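Descriptive structure summary
These are the residues of each chain, in order.
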Amino acid sequence: MARTLAYLLTMACGAFPALAVFAALAPWRRRRLRERGLVSALPREGALALFGMFCGGMAMVTLTPRWVVWSLVDWFHGSGWNGAGDPFFQAGTVNLIPLRTLRFDPYILAGNIILFVPAGFAAALIWRGFDWRRTLAAGLCATGLIESWQLCVGRAFDIDDILLNTLGVFCGYGLWRLTRRLAPGFAEKFHVRMSEESADECDD
């Protein structure tokens, strides 16, 4: 329970600043879409906001030292911030042998996969043409960059994490494919569409 609370608190610390950034950039995004004769409906804007919050939360969980997570829990429980003396940047460890650190721990397996399911689902839902090739490339690149950064903050570059995280992205993509098959019109609500003015010009 404490571990789950720690991750939820850490994600919240990244999610809400990300939401503020999304709101600040919204007028610029709408202007760019208008210039191209496009509009983004409310369902898509909501999905983009949630996706931005997810990315901000994941950045906090994956790109900070582990002591940040537990210090947030201590602070939440009224014990104060207990990580002030710990360095942010320090050397991590490397594992390049598949399945070496996995140990088939259900928590590790589920956590590493489930955390990245929203990434694959939201990307395929929001952006047209996000096929399995782009899913594979995005999963490998994103998790590879995360693991490389963790080497600098005292964590680990672990090939098992890359495999499981990429699998999570693929599961999200598969969930979107299933959703599109069961509800064909659902996905269209989350794509940009031509504005009425642009549609009228095309008709003329």
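About the criteria used
Residues numbered from 1 in each chain as written. Predicted model: local features only at pLDDT ≥ 70, side-chain atom pairs only at ≥ 80, totals over all residues. Heavy atoms only, no water. Helix = DSSP H or I, 4+ residues; strand = E, 2+ residues; numbered from the N terminus. Expected span 1.5 Å × (residues − 1). Buried < 20%, exposed > 50% of the residue type's maximum accessible area, 1.4 Å probe, protein only. Arc of directions from axis to C-beta. Contact = heavy atoms within 4.5 Å. Salt bridge = Lys/Arg side-chain N within 4 Å of Asp/Glu carboxyl O. Core = buried A, V, L, I, M, F, W, Y, C linked by side-chain atoms within 4.5 Å. Axes fitted to C-alpha atoms, helices over the stretch in contact; angles between N-to-C directions. Parallel < 35°, antiparallel > 145°, perpendicular 65-115°, else oblique. Left-handed = near helix turned anticlockwise from the far one by under 90°. Nonpolar A, V, L, I, M, F, W, Y, C, P; charged D, E, K, R; others polar.

So, helix H6 (residues 132-150)
If you check H6, its first and last C-alpha atoms are 27 Å apart, about what 19 residues at 1.5 Å a residue would give, namely 27 Å. Listed in full, the buried residues belonging to H6 are Thr-135, Gly-139, Thr-143, Gly-144, Ile-146, Glu-147 and Gln-150. All buried residues of H6 lie within an arc of 165 degrees about the axis, which places them on one face of the element. Exposed side of H6, more than 90 degrees from the buried face: Arg-133, Cys-141 and Leu-145 are the residues found there. Tucked into the core, H6 has its buried residues touching helix H2 (42-63), strand E3 (156-158) and helix H7 (159-182).

Here we look at the pattern of salt bridges
Scanning the entire structure with this criterion turns up 2 salt bridges. With a closest N to O distance of 2.9 Å, Glu-45 and Arg-29 form a salt bridge. Of this pair, Glu-45 sits in helix H2 while Arg-29 is found in helix H1 (residues 2-35), placing the two residues 16 residues apart along the sequence. The exposure class assigned to Arg-29 is buried, which follows from its relative accessible area of 17%. Asp-131 is paired through a salt bridge with Arg-133; the nearest N and O atoms lie 3.7 Å apart. Classification of Asp-131 as partly exposed rests on a relative accessible area of 26%.

Structural notes on the nonpolar core
Phe-54, Ile-126 and Trp-176 are the most contacted members of the largest nonpolar core, which has 23 residues in total. At 7 residues, H2 tops the list of elements feeding residues into this core. Here Ile-126 is in contact with Arg-44, Ala-47, Leu-48, Phe-51, Phe-190 and His-191, once residues within four sequence places are set aside.

Regarding the packing of H2 against helix H5 (residues 117-126)
Where H2 contacts H5, the axes come no closer than 10 Å and their chain directions differ by 150 degrees. By the angle between their axes, H2 is roughly antiparallel relative to H5. Seen along the crossing, H2 lies across H5 with a hand that is left-handed. Listed contacts from H5 to Arg-44, Ala-47, Leu-48, Phe-51 and Phe-54 of H2 are Pro-118, Ala-119, Ala-122 and Ile-126. Looking at the contact of H2 with H5 residue by residue, the classes come out as 8 nonpolar, no polar and 1 charged.

Some words on the packing of H6 against H7
The angle between the axes and the distance between the axes are what describe a pair of packed helices. The N-to-C vectors of H6 and H7 enclose an angle of 145 degrees; their axes lie 9 Å apart at closest approach. Taken as a pair, H6 and H7 cross one another with a handedness that is right-handed. Along the contact surface, H6 presents Trp-132, Thr-135, Leu-136, Gly-139, Leu-140, Thr-143, Gly-144 and Glu-147, while H7 presents Asp-161, Ile-162, Asn-165, Thr-166, Val-169, Phe-170 and Tyr-173. Class assignment of the residues belonging to the contact of H6 with H7 gives a composition of 7 nonpolar, 6 polar and 2 charged.

Things to note about the environment of Ala-20
When you line up the elements, Ala-20 lands in helix H1. For Ala-20, a relative accessible area of 47% corresponds to the partly exposed category. With 33 residues separating them along the chain, Ala-20 and Met-53 place their C-alpha atoms 9.2 Å apart.

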